Amino acid sequence: KAAPDLPILWAVDSFELVESERTQGVAMTGKEGGKYEYGGGRSQVIGAGCRKWAHRCSTGPTSLIIINQVRENIGVMFGDRKRATGGKAPRFFASVEVQLSSSRFGMLRDARKRVLGRWVHAKVVKNKVAPPFREAEFLIHFEKGIHPWAGLLESLEADGLVVVKRNKDGAV
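Please read all numbers here as calculations on a predicted model, not as lab measurements.

Draft legend 1. Region of interest: the layout of surface pockets. As a volume, the largest pocket reaches approximately 1,300 Å³. In terms of lining residues, the largest pocket is bounded by 33 residues, among which I66, N68, V96, E97 and V98 are the most central. Broken down by secondary-structure element, the contributors of at least two residues to the lining of the largest pocket are helix 2 (41-58), strand 2 (62-66), strand 4 (82-84), helix 3 (89-93), strand 5 (96-109) and strand 6 (115-127). Considering each element in turn, the lining of the largest pocket owes the most residues, six residues, to strand 5.

Draft legend 2. Region of interest: the environment of L64. Tracing the chain through its elements places L64 in strand 2. Taking the C-alpha atoms as reference points, L64 and W10, 54 residues apart in sequence, are found 4.7 Å from one another.

Draft legend 3. Broad picture of the pattern of salt bridges. Within this structure, the stated rule accounts for two salt bridges. Between E97 and R91 there is a salt bridge, and its shortest N-O distance comes to 3.2 Å. For E97, a relative accessible area of 16% puts it in the buried group. You can call R91 partly exposed: its relative accessible area is 42%. We note a salt bridge from D110 to R114, for which the minimum N-O separation is 2.8 Å.

Draft legend 4. Region of the structure containing the side chain of E97. In this structure, E97 sits in strand 5. Excluding anything up to four places from it in sequence, E97 contacts R91, K123, V124, V125 and K126.

Draft legend 5. Just unusual backbone geometry, in detail. You will see that K113, though not glycine, has its phi angle at about 70°, which is positive. Examined against the element boundaries, K113 turns out to sit in the loop between strand 5 and strand 6. In this structure, F133 takes a positive phi of about 65° despite not being glycine. Mapped onto the elements of the fold, F133 is located in the loop between strand 6 and strand 7 (135-141).

Draft legend 6. Region of the structure containing a nonpolar patch on the surface. A cluster of nonpolar side chains, namely V96, V98, L100 and V129, defines an oily patch on the protein surface of about 380 Å² accessible area. Within the secondary structure layout, V129 lies in the loop between strand 6 and strand 7.

Each value, and the rule that gives it
- Residues numbered from 1 in each chain as written.
- Predicted model: local features only at pLDDT ≥ 70, side-chain atom pairs only at ≥ 80, totals over all residues.
- Heavy atoms only, no water.
- 1 Å grid on protein atoms, 1.4 Å probe; cavity = no way out; pocket = protein on both sides within 12 Å on 5 of 7 lines; lining within 4 Å.
- Points joined across faces, edges and corners; volume = space filled by probe spheres on them.
- Helix = DSSP H or I, 4+ residues; strand = E, 2+ residues; numbered from the N terminus.
- Salt bridge = Lys/Arg side-chain N within 4 Å of Asp/Glu carboxyl O.
- Buried < 20%, exposed > 50% of the residue type's maximum accessible area, 1.4 Å probe, protein only.
- Contact = heavy atoms within 4.5 Å.
- Patch = residues over 30% accessible without salt bridge, like charges linked within 9 Å, V, L, I, M, F, W, Y side chains within 5 Å.
- Areas by Shrake-Rupley, 256 points an atom, 1.4 Å probe, with all protein chains shown as cover.

Next comes the structure, spelled out in structure tokens:
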């Protein structure tokens, strides 16, 4: 157990592998039944977990990072076609929600056409602690992390101070 004054960081990679309580009960006892026997069992288990995590994060210097994939429903005629595994609970309990997507510039390649990194577009969709709806683009170098100077070049180009030549793939 950690000291009470030290910060704690939890990271949850994906909710896709979370099993419903019904599945867990069948695996442990070999019998059907349980608290969450019908549809949406996984979402209910994740919602219960989010309530526990929210309580633990509020009692001390604790942060929780959830990385979740967005999928697309088939056959949706009206409304948003996107859905995330785990239902709506993770979005409800989140203080900050950031959507990451591939940028218009694409990949960073070397002279031999090997992929070294990727431009990423980040959009803050929900923010309870600062103004929301901020956007940023940055370069993630696969071996080194976020590139510190790539954004400076884009800013200079946007202000018209520098002319950047790109090839057909969008690479500099």
